[in-house]
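The lines below spell out each chain.
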Amino acid sequence: MITFVIQIIYIMSISDNLLKLRQKIPSHVKLIAVSKTQSIQVIRDVYQAGQTHFGENKVQELLSKIPQLPDDIHWHFIGHLQRNKVKQIVPYVHLIHSLDSVRLFEEVGKEASNIQRIVPCLLQFHIATEETKFGFTSEEAHDFLKSSSFQRNTHVQLVGVMGMASFTTDTQKIRTEFQNLSYIFNRIKADFFKQEPSFKEISMGMSNDYEIAIEEGSTMLRLGTIVFGEHTNT
Ligand SMILES: *Cc1c(COP(=O)(O)O)cnc(C)c1O
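Structural notes, computed from the coordinates. If you're wondering where the values come from, they're calculated on a predicted model, not measured in any experiment.

## Section: the side chain of Ser-98
Mapped onto the elements, Ser-98 comes out in strand β4 (residues 95-99). A distance of 2.5 Å separates a polar atom in the side chain of Ser-98 from the backbone oxygen of Gly-79. Here Ser-98 is in contact with Phe-77, Ile-78, Gly-79, Leu-104, Leu-122 and Gln-124, once residues within four sequence places are set aside.

In structure tokens, the structure reads:
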């Protein structure tokens, strides 16, 4: 009985938390709940509170969660993706945020074509000063989009860009990096996707910087900590 009551209070606090968060997010901005390291039960609670888009950053973890959770969840892949694992996620993934190299792009194209799926993806840009973050530079992306590799492609649908700001408390630095990503998006849109309304997404903003990201034009927030709290029960 006690645990039941605690469970009810817990579920109420999840929905309450989600509701308050949604009130801070404009309606044109999509919330992706980053469920990495969270248990099936907690993800189900967040799903029951109305959240249907979830993000994972590891292939094995994603594959083990999918069959245990409702079919109508849209799964976003947000982490660095190795080419030898592309085949495993291509049938299930709603959007790959982390297309960070030409070779990865070609692999996704090949596997998507094998199962006759068109897979929506975002081009990841390296906007932070940290060495550890993956992604294209603006120049590399322009070269790639002009190349025959991209022009020939039929099974990857590029729908926008993604980036991660530096991990810092310097909010001006974060803002400048997000502005840079918005600028890159606008240039690519003008140069390569003018006639394609589906190229419209800017995936930027995590728990510590999502308010700045919204101000700088984000259309997709990837939020973990602020949705699920600090606890991680694997
Ligand atoms: C973990 C992760 C997030 C969410 O981070 P929080 O700070 O918990 O909101 C967003 N994007 C990527 C790529 C991540 O790996």
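## Examining the environment of Ser-149
Take Ser-149: it is sitting in helix α7 (residues 148-152). Each C-alpha atom, one on Ser-149 and one on His-94, is 23 Å from the other, the two residues being 55 residues apart in sequence. In this structure Ser-149 touches Val-102, Phe-105, Glu-106 and Phe-144, once residues within four positions along its chain are discounted. At 2.6 Å, the side chain of Ser-149 forms a polar contact with the side chain of Glu-106.

## A word on the site of the ligand
Around the ligand lies a shell formed by Val-34, Lys-36, Asn-57, Ile-78, Met-164, Met-206, Ser-207, Arg-222, Leu-223, Gly-224 and Thr-225. Within the side chain of Arg-222, an N or O atom sits 2.9 Å from a nitrogen atom of the ligand. Here an oxygen atom of the ligand sits 2.6 Å away from a polar atom, N or O, in the side chain of Thr-225. In the complex, the protein chains occlude 86% of the 380 Å² of accessible area that the ligand would expose alone. Classifying every residue of the shell around the ligand by side-chain character gives 5 nonpolar, 4 polar and 2 charged.

## A closer look at the environment of Ser-203
By the element assignment, Ser-203 lies in strand β7 (residues 201-203). With 105 residues separating them along the chain, Ser-203 and Ser-98 place their C-alpha atoms 10.0 Å apart. Beyond its immediate chain neighbours, meaning those up to four positions away, Ser-203 contacts His-97, Leu-122, Val-161, Met-162, Gly-163, Leu-181, Met-220 and Arg-222. A polar contact of 2.9 Å, which involves the side chain of Ser-203, links it to the side chain of Arg-222.

## Some points on the pattern of salt bridges
Two side chains carrying opposite charge are able to pair once their charged atoms lie near each other. Under the criterion given, the structure shown has 9 salt bridges. Put simply, Glu-201 and Lys-200 hold a salt bridge, and the shortest N to O gap is 2.8 Å. With a relative accessible area of 10%, Glu-201 lands in the buried category. For Lys-200, a relative accessible area of 48% gives the class partly exposed. Among the ionic contacts, a cluster of salt bridges with common partners joins Glu-56, Glu-61 and Lys-65.

What counts and how
Residues numbered from 1 in each chain as written. Predicted model: local features only at pLDDT ≥ 70, side-chain atom pairs only at ≥ 80, totals over all residues. Heavy atoms only, no water. Helix = DSSP H or I, 4+ residues; strand = E, 2+ residues; numbered from the N terminus. Polar contact = N/O pair within 3.5 Å; in protein donor to acceptor, adjacent residues only side chain to side chain. Contact = heavy atoms within 4.5 Å. Near = heavy atom within 4 Å. Areas by Shrake-Rupley, 256 points an atom, 1.4 Å probe, with all protein chains shown as cover. Nonpolar A, V, L, I, M, F, W, Y, C, P; charged D, E, K, R; others polar. Salt bridge = Lys/Arg side-chain N within 4 Å of Asp/Glu carboxyl O. Buried < 20%, exposed > 50% of the residue type's maximum accessible area, 1.4 Å probe, protein only.

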